[in-house]
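Remarks on the overall topology
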Amino acid sequence: MKLREPMPELTGATEWLNGEVARDQLIGEKPTLIHFWSVSCHLCKEAMPQVNQFRDDYKDKLNVVAVHMPRSEDDLNLEDIKKTATEHGITQPIFVDSEHKLTDAFGNEFVPAYYVFDKEGRLRHFQAGGSGMKMLEKRVNRVLDETEKAE
């Protein structure tokens, strides 16, 4: 995805965990963070406490959606996904993308990967890899500041 492109529709999930959300529910009121992860991704698990802290700190200002992107056949086991989500405190909605439909819509190749959309649903920031939570926080705060100024 390129910056300022609209958020793709959240369709094609093989399953939703922790509740289902539609694109329309994420646009209009507050920015959204969509993060891609996988049960086989060590960096994803390492970053999850920071993502969860982020989710909790910004719960009133930011939508957060997780996307489970399998990297191999071993990552398709739904029970493993549920177990890992529970172990790592992923309480936000999880789009299980076993057929890579959303992954393809985003053009995403990485886990972990983070996409920040403004409240109109336009992509404002993308980053991949386990580090860089400070940069992610800075970008989210910039989008939040713009949202507050516009109100």
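Going by the structure above, here's the rest.
This structure is a prediction, so every number in the text was calculated from the model and none was measured.

Inspection of the entire model under this criterion finds ten salt bridges. With a closest N to O distance of 2.9 Å, D56 and R55 form a salt bridge. The exposure class of R55 is buried, given its relative accessible area of 13%. One salt bridge in this structure joins R122 and D118, with 3.0 Å as the shortest N-O distance. We classify R122 as partly exposed; its relative accessible area is 32%.

Let's shift gears to the nonpolar core. Core analysis: the largest hydrophobic core is formed by 44 residues, its most contacted members being L10, L33, I34, F36, W37, I94 and L136. If sequence neighbours within four positions are ignored, F36 has contacts with C44, V67, M69, T103, F106, N108, F110, V111, P112, A113 and Y115.

Attention now moves to helix α5 (residues 133–150). With 18 residues, α5 extends 26 Å between its outermost C-alpha atoms, agreeing within 8% with the 26 Å of an ideal straight helix rising 1.5 Å per residue. If you check which residues of α5 are buried, you get M133, L136, V140, V143, L144 and T147. Buried residues of α5 fall within an arc of 100 degrees about the axis and therefore sit on the same side. Residues of α5 that are exposed and angled more than 90 degrees away from the buried face: K134, K138 and K149. On its buried face, α5 is in contact with β2 (32–37), α2 (42–57), β5 (113–117) and β6 (123–128).

Burial analysis of β2 places six of its six residues in the buried class, the great majority of the element. Here β2 shows two buried faces, one formed by T32, I34 and F36 and the other by L33, H35 and W37. Inspection of the sheet shows β2 paired to strand β3 (residues 63–68) by six bridges, in the parallel sense. Residue pairing across strands places F36 opposite V67, the latter belonging to β3. One crossover worth recording links β2 to the parallel β3 by way of α2, and it is right-handed.

In this section: the packing of aromatic side chains. Inspection of the entire model under this criterion finds seven aromatic pairs. Taken together, a centroid distance of 5.2 Å and an interplanar angle of 80 degrees make the contact between W16 and F95 edge-to-face. Remark: F95 occurs in strand β4 (residues 94–96) and W16 occurs in strand β1 (residues 15–17); sequence separation between them is 79 residues. The class for W16 is buried, based on a relative accessible area of 15%. A centroid spacing of 4.7 Å and a plane angle of 45 degrees characterise the contact between Y115 and F126, whose relative ring orientation is tilted. In this pair, Y115 is assigned in strand β5 and F126 in strand β6, connecting sequence segments eleven residues apart. The class for Y115 is buried, based on a relative accessible area of 2%. Here the aromatic cluster, defined as three or more aromatic residues joined through ring pairs, consists of F36, F106, Y115, F117 and F126.

Definitions and cut-offs
- Position numbers for residues count from 1 along each chain, tracking the sequence in the order it is written.
- Whole-chain, interface and lining totals are the exception, using all residues; otherwise, since this is a predicted model, local features are given only for residues with pLDDT of at least 70 and side-chain atom pairs are given and counted only at 80 or more.
- With hydrogens and water excluded, all non-hydrogen atoms of the structure serve as input to the side-chain values.
- Should a side-chain nitrogen of Lys or Arg be within 4 Å of a carboxyl oxygen of Asp or Glu, the pair is scored as a salt bridge.
- Only protein chains enter the accessibility calculation, which uses a 1.4 Å probe; a residue whose area is less than 20% of its type maximum is buried, one above 50% is exposed, and one in between is partly exposed.
- Side-chain atoms within 4.5 Å are what join buried Ala, Val, Leu, Ile, Met, Phe, Trp, Tyr and Cys residues into a set we call a nonpolar core.
- We call two residues in contact whenever any of their non-hydrogen atoms come within 4.5 Å of each other.
- Only DSSP runs of H or I with at least four residues qualify as helices, and only runs of E with at least two residues qualify as strands; both kinds are numbered from the N terminus onward.
- By definition here, a helix of n residues has an expected span of 1.5 Å times n minus one.
- In this context, the arc is that of the directions from the helix axis out to the C-beta atoms.
- Any two strands between which DSSP finds at least two bridges are classified as paired.
- Seen with the strands pointing away from the viewer, any crossover whose path from the first strand over the helix to the second strand runs clockwise is right-handed.
- Two rings belonging to Phe, Tyr or Trp (six-membered ring only in the last case) form a pair when the distance between their centres is within 6.5 Å. Interplanar angles under 30 degrees mark stacking, angles over 60 mark edge-to-face geometry, and anything in between is tilted.

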